[in-house]
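# Analysis of the macromolecular model
As a plain string of letters, each chain reads:
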Amino acid sequence: MNHFNYQDNIFHCEDVDIREIAKEIGTPFYLYSKATLTHHFKTFDQAFSVPHITCFATKACSNIAILNLFASLGGGADIVSGGELFRALKAGIDPQKIVYSGVGKSRDELRFGLESQILMFNVESQQELLALQDVAAEMGVQAPVSFRVNPDVDPKTHAYISTGLAKNKFGIPIGDALEAYQQAAALANITVQGVSCHIGSQLTDVSPFVESLQKVKNFISTLQHTGIAIKYLDLGGGLGINYEDEEPPVPAQYAQALEAELKDLDCTLILEPGRVIVGNAGILVTKVLYTKQGGKKFTIVDAGMNDLARPSLYGAYHAILPVEDRGQGIETGDVVGPICETGDFLSRDKTMPASQSDDLLAIMSAGAYGFTMSSNYNSRPRVAEVLGDGETFHVIRQRETYEMLIAGEKIP
Ligand SMILES: *Cc1c(COP(=O)(O)O)cnc(C)c1O
């Protein structure tokens, strides 16, 4: 369910006419619906009846206005860098609801996490554990730790976004994890708190989640038999959304399948949803610059792969809708950006609205891994982000200027 709808053939975000936003701030821009973000967060969070913390995966959409909204709904954050920690704190997220994932945390980042008194570091290697022990000892504090274990489960998603296979770089193999926990338990400045896993993204079936939970649950009982108590079970994120014709489980089905496995486990659950909360709560609005007929029909728009990387990076599909539905019908072709790369497309060999110059198009399902993956490639200022809220809208990130492009650069 989302709040992007046609009213009298004009596409609206909640009750805001999208043409009005374009008129005021220009194009392209990301546009999020506050009601949809709120609805998705609550639907997910309330699907769980066991004690839990919903730590939104910041990397999916990291604008501080959006993180602040989730904080106001009781949410925490899953972070993967010092920059994301900085954002989460600025947004008002309770540090005791922040978990820190990622294979390559630097010592400075570990120190920042410790200073901020976050809930838990999801440690991904023995060397990281030793670095954390070292930094914590220097500071004279205890570091709360869980290991990210790799359960070797196939999430059956795109190879670039599967993370829980033995061949992936993430976590430590579950078979080696007992030794890692015993080592951690013996370190003076490490406090073992949890076990975590995250097997991939855009999963459209619950069975890989259940399979990995079963493996992790067995592992937790092994730990408990050796006298290592576990307070938090972090199951990561990864629940998929509908982009085209996928039929992912809804949060209630996902929660039910997990809770059925949890029964006698006395842990607080940590969940790290990203895409399922924000993916269908945001769109990218772009303007048609030109059209041309080459070997096929090309619709050239003012947004490119630097603004939305997913089509180029993963061959991902995003539906495209006209902001003004004049009954123009559909045609087949490519929607491409201005970037000097053949891989610069938003849609390839798919149907799209038949368009002409100055038409506005809505690139759907762009709320997750959209703005956060954008870059300045081709020296294109990053686009504005806008939050639609009932009949009003707020610019939550201004469009970058040319001056901002060279900020920090100097000619020696
Ligand atoms: C990316 C990521 C998530 C979020 O994944 P989604 O598919 O967006 O839900 C959660 N946890 C970790 C560790 C991640 O790397």
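Residues numbered from 1 in each chain as written. Predicted model: local features only at pLDDT ≥ 70, side-chain atom pairs only at ≥ 80, totals over all residues. Heavy atoms only, no water.

## Here we look at the environment of Gly75
The criterion, for reference: Each helix is a run of DSSP H or I of at least 4 residues and each strand a run of E of at least 2, with the numbering of both proceeding from the N terminus. Contact between two residues is taken to exist if any of their heavy atoms lie within 4.5 Å; hydrogens are not considered.
Relative to the helices and strands, Gly75 is located in the loop between helix H3 (64–72) and strand S6 (76–79). Here the alpha-carbon distance between Gly75 and Gly175, two residues 100 residues apart in the chain, equals 32 Å. Dropping the residues within four chain positions of it, Gly75 is found in contact with Phe41, Thr54, Phe70, Ile93 and Lys97.

## Here's the deal with the site of the ligand
Applicable threshold: Being near a molecule or strand, for a residue, comes down to having at least one heavy atom within 4 Å of it. For the purposes of these results, a polar contact is taken to be a pair of N or O atoms within 3.5 Å, where, inside protein, one atom must be able to donate a hydrogen and its partner to accept one; residues adjacent in sequence count only when each atom of the pair is a side-chain atom. Residue burial considers only the protein chains on display, and all accessible areas are found by Shrake-Rupley using a 1.4 Å probe. We call Asp, Glu, Lys and Arg charged. Ala, Val, Leu, Ile, Met, Phe, Trp, Tyr, Cys and Pro are nonpolar, and the rest, Gly among them, are polar.
In the vicinity of the ligand, 14 residues are found, and the nearest of them are Lys59, Ser201, Glu272, Arg275 and Tyr369. At 2.3 Å, a side-chain N or O of Ser201 approaches an oxygen atom of the ligand. At 2.8 Å from an oxygen atom of the ligand is found a main-chain nitrogen or oxygen belonging to Gly238. Relative to its free-state accessible area of 390 Å², the ligand is covered by the protein chains to the extent of 94%. Residue composition of the shell around the ligand, by class: three nonpolar, six polar and five charged.

## Considering the pattern of salt bridges
Definition in use: Should a side-chain nitrogen of Lys or Arg be within 4 Å of a carboxyl oxygen of Asp or Glu, the pair is scored as a salt bridge. Type-normalised accessible area, obtained with a 1.4 Å probe on protein chains alone, sets the label of each residue: buried when under 20%, exposed when over 50%, and partly exposed for intermediate values.
Inspection of the entire model under this criterion finds 19 salt bridges. Between Glu138 and Arg107 there is a salt bridge whose closest N-O contact spans 3.7 Å. Highlighted residues: Glu138 in helix H6 (residues 126–139) and Arg107 in helix H5 (residues 107–115), separated in sequence by 31 residues. For Arg107, a relative accessible area of 37% puts it in the partly exposed group. A salt bridge links Arg326 to Asp359; the shortest N-O distance between them is 3.0 Å. With Arg326 in the loop between strand S16 (320–322) and strand S17 (330–336) and Asp359 in the loop between strand S18 (345–353) and strand S19 (360–363), this pair connects stretches of sequence that are 33 residues apart. Connected through shared salt-bridge partners, Arg107, Asp108, Arg111, Asp134 and Glu138 make up one network.

## Here we look at the nonpolar core
If you look at soluble globular proteins, the nonpolar side chains tend to sit buried side by side. Heads up, the rule is: The definition of a nonpolar core used throughout is a set of buried Ala, Val, Leu, Ile, Met, Phe, Trp, Tyr and Cys residues joined through side-chain atoms within 4.5 Å. For each domain, the first and last residues come from an automatic or database assignment.
Tyr181 and Leu233 are the most contacted members of the largest nonpolar core, which totals 90 residues. Looking at which element gives the most residues to this core, the answer is helix H8 (residues 207–225), with six residues. Shared between two domains, this core holds at least three residues of each, these being domain 1 (4–32 + 279–405) and domain 2 (34–278). Judged by nonpolar contacts, the second largest core, of 18 residues, contains Phe11, Ile283, Val323 and Ala384.

## Focus: the sheet that holds strand S1 (residues 4–7)
So the rule is basically this: Following DSSP output, two strands are said to pair if at least two bridges run between them.
Pairing is antiparallel across the open sheet formed by three strands, whose spatial order is S1-S2-S3. The outermost strands of the open sheet, each flanked by one partner alone, are S1 and strand S3 (16–17). Inspection of the sheet shows strand S2 (residues 10–13) paired to S3 by two bridges, in the antiparallel sense. Bridging from a neighbouring strand, His12 pairs with Asp17 of S3.

## Observations concerning the packing of H5 against H6
Quick note on the threshold: Interaxial angle, 0 to 180 degrees, is taken between N-to-C directions of lines fitted to C-alpha atoms, where a helix line uses only the stretch in contact. Roughly parallel means an angle under 35 degrees; roughly antiparallel, over 145; roughly perpendicular, 65 to 115; everything else is oblique. What makes a crossing left-handed is the near helix being turned counterclockwise from the far one by less than a right angle; a clockwise turn instead makes it right-handed.
Direction vectors running N to C along H5 and H6 enclose 55°, while the axes themselves pass 10 Å from each other. One way to sum up the angle between H5 and H6 is to call them oblique. Here H5 and H6 pass one another in a crossing that is right-handed. Together, Arg107, Leu110, Arg111, Leu114 and Glu115 of H5 and Glu128, Ala131, Leu132, Asp134, Val135, Ala136, Glu138 and Met139 of H6 make up the contact between the two elements. Considering only residue class, the contact of H5 with H6 consists of seven nonpolar, no polar and six charged.

## Things to note about the pairing of S19
Side chains Leu360 and Ala362 of S19 all project onto a buried face; the interleaved residues Leu361 and Ile363 project onto the opposite face, where all are buried too. Sheet topology places strand S14 (residues 282–293) next to S19; four bridges connect them, and they run antiparallel. Bridge pairing in S19 places Leu284 opposite Ile363.

## A few points about the domain arrangement of the protein
Convention followed: Computed with a 1.4 Å rolling probe, the buried area is the accessible surface lost when two parts are put together, summed over both parts.
According to the domain assignment, the protein contains domain 1 (4–32 + 279–405) and domain 2 (34–278). Between the C-alpha centres of domain 1 and domain 2 there is a distance of 32 Å. Note on domain 1 versus domain 2: buried area summed over both sides is about 2,100 Å², and carbon and sulfur give 56% of it. Three residues, Tyr314, Tyr317 and Tyr369, lead the burial of domain 1 against domain 2; their summed loss comes to 27% of the area buried on that side. Here Lys34 and Asp389 are joined by a salt bridge, their closest N and O atoms 3.7 Å apart.

## Some words on helix H2 (residues 34–46)
To keep it simple, the criterion reads: What a helix is expected to span follows from its residue count: subtract one and scale by 1.5 Å.
The terminal C-alpha atoms of H2 lie 18 Å apart, and with 13 residues this matches the ideal 18 Å at 1.5 Å per residue to within 8%. Of all the residues in H2, the buried ones are Thr36, Leu37, Thr38, His40, Phe41, Phe44 and Asp45.

## Examining the packing of H8 against helix H9 (residues 251–262)
Orientation of H8 relative to H9, taken along the N-to-C sense of each, is 25°, at an axis distance of 10 Å. One element, H8, and the other, H9, form an angle in the roughly parallel class. Where H8 crosses over H9, the handedness of that crossing is right-handed. Residues Phe209, Val210, Leu213, Gln214 and Lys217 of H8 touch H9, and the partners they reach there are Tyr254, Ala257, Leu258, Glu261 and Leu262. Tallied by class, the residues present in the contact of H8 with H9 amount to seven nonpolar, one polar and two charged.

## Comments concerning the packing of aromatic side chains
Our working definition: In this scheme Phe, Tyr and Trp rings, the latter by its six-membered ring, pair at centre separations within 6.5 Å, and the angle between planes marks the pair as stacked below 30 degrees, edge-to-face above 60, and tilted otherwise. Definition used: whenever NZ (Lys) or CZ (Arg) falls within 6 Å of the ring centre and also within 35 degrees of the ring normal, the charge is taken to sit over that ring.
Tallied over the full model, the rule gives 13 aromatic pairs. Ring geometry for Phe209 against Tyr254: centres 4.9 Å apart, planes inclined by 75°, an arrangement best described as edge-to-face. In this pair, Phe209 sits in helix H8 while Tyr254 sits in helix H9, placing the two residues 45 residues apart along the sequence. Among the aromatic residues, ring-to-ring pairing joins Phe44, Phe48, Phe209 and Tyr254 into one connected group. For the cation-ring pair, Lys105 lies above Tyr100, with the distance from its terminal atom to the ring centre recorded as 5.5 Å.

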